[in-house]
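# Structural overview for review
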Amino acid sequence: GCGEATCMKLRLTYPHEHVNEPILSLAVREVGLLLNILEATVNSEKGEITVSVEASEERLNTLVDFLQRRGVQVERLTQVLQVDKQKCTSCGACVSPCPVEAIRFQPDWSVEFIEERCIGCGICIVACPVRAVKLL
């Protein structure tokens, strides 16, 4: 658990002119918070990185301000997906395509969704044949 701190996932989008700058490293050094990179896609047009960070709201705001001043778009990811248990048949079509293993089978073969790992990519939404998963 996080105790007094807030566990937050952030989606950071860098415009192409900042892709080659070590902005994330500078943020870690300057703000003093450790970031866990959950997913990253970087190309010549833009960089998009999803990170998790554990911090007080005040320190989280300091990090967000630091990044935004350097041209990074910051989106806070709260609960990302919702699974309709009435529709879900536990077919498992969403399990293997998940890039971060946020969905798995439980011993009774029901599907378990692990919110902390989810990066909101939406692959499971497309994979679900009964449309039991939706983005919030």
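Here the structure is shown first, and the text comes after it.
Attention in this report is confined to the structure presented alongside it.

The rules behind the values
Residues numbered from 1 in each chain as written. Predicted model: local features only at pLDDT ≥ 70, side-chain atom pairs only at ≥ 80, totals over all residues. Heavy atoms only, no water. 1 Å grid on protein atoms, 1.4 Å probe; cavity = no way out; pocket = protein on both sides within 12 Å on 5 of 7 lines; lining within 4 Å. Points joined across faces, edges and corners; volume = space filled by probe spheres on them. Nonpolar A, V, L, I, M, F, W, Y, C, P; charged D, E, K, R; others polar. Core = buried A, V, L, I, M, F, W, Y, C linked by side-chain atoms within 4.5 Å. Buried < 20%, exposed > 50% of the residue type's maximum accessible area, 1.4 Å probe, protein only. Helix = DSSP H or I, 4+ residues; strand = E, 2+ residues; numbered from the N terminus. Contact = heavy atoms within 4.5 Å. Pairing = 2+ DSSP bridges. Salt bridge = Lys/Arg side-chain N within 4 Å of Asp/Glu carboxyl O.

Right, let's talk about empty space enclosed by the protein for a bit. Under the criterion given, the structure shown has 1 cavity of 30 Å³ or more. As a volume, the largest cavity reaches approximately 70 Å³. Lining the largest cavity are 14 residues, with Leu 81, Cys 98, Cys 118, Cys 121 and Cys 124 sitting closest to its centre. Considered class by class, the residues forming the lining of the largest cavity number 12 nonpolar, 2 polar and no charged.

This brings us to the nonpolar core. Core analysis: the biggest nonpolar cluster contains 21 residues, and Leu 10, Leu 12, Val 53, Leu 63 and Leu 67 have the highest contact counts within it. Secondary-structure elements contributing two or more residues to this core are β1 (6-15), α1 (23-31), β3 (46-55) and α2 (57-69). When residues no more than four places from it in sequence are discounted, the contact partners of Leu 67 are Leu 12, Ile 23, Ala 27, Val 72 and Val 74. Counting 17 residues, the second largest nonpolar core, distinct from the first, contains Cys 94, Ile 103, Cys 118 and Ala 132.

As defined by bridge partners, strand β2 (residues 35-42) adjoins β3 across 7 bridges and the pair is classed as antiparallel. Its bridge partner being in β3, Ile 37 is matched across the sheet by Val 51. Linking β2 to β3, which pair antiparallel, is a turn of 3 residues.

This brings us to the layout of surface pockets. Of the pockets and cavities examined, the largest pocket occupies roughly 270 Å³. Around the largest pocket sit 14 residues that line it, and Cys 7, Met 8, Lys 9, Ser 52 and Glu 116 are the ones nearest its centre. Counting only elements with at least two residues in the lining of the largest pocket, the list comes to β1, β2 and β3. Here the lining of the largest pocket is composed, by residue class, of 6 nonpolar, 4 polar and 4 charged. Counted as a void, the second largest pocket has a volume near 180 Å³. Lining the second largest pocket are 19 residues, and of these Val 83, Cys 88, Ser 90, Cys 94 and Val 111 sit closest to its centre. A per-class count over the lining of the second largest pocket returns 14 nonpolar, 4 polar and 1 charged.

Time to look at the pattern of salt bridges. Counted according to the given criterion, the structure contains 5 salt bridges. Taking the shortest distance from any N to any O, the salt bridge between Glu 30 and Arg 29 comes out at 3.4 Å. Classification of Arg 29 by relative accessible area gives exposed; the value is 62%. We note a salt bridge from Glu 57 to Arg 76, for which the minimum N-O separation is 2.9 Å. Separated by 19 residues along the polypeptide, Glu 57 in helix α2 and Arg 76 in strand β4 (residues 73-77) bring together distant segments of the chain. Under the relative-accessibility criterion, Glu 57 is labelled partly exposed at 37%.

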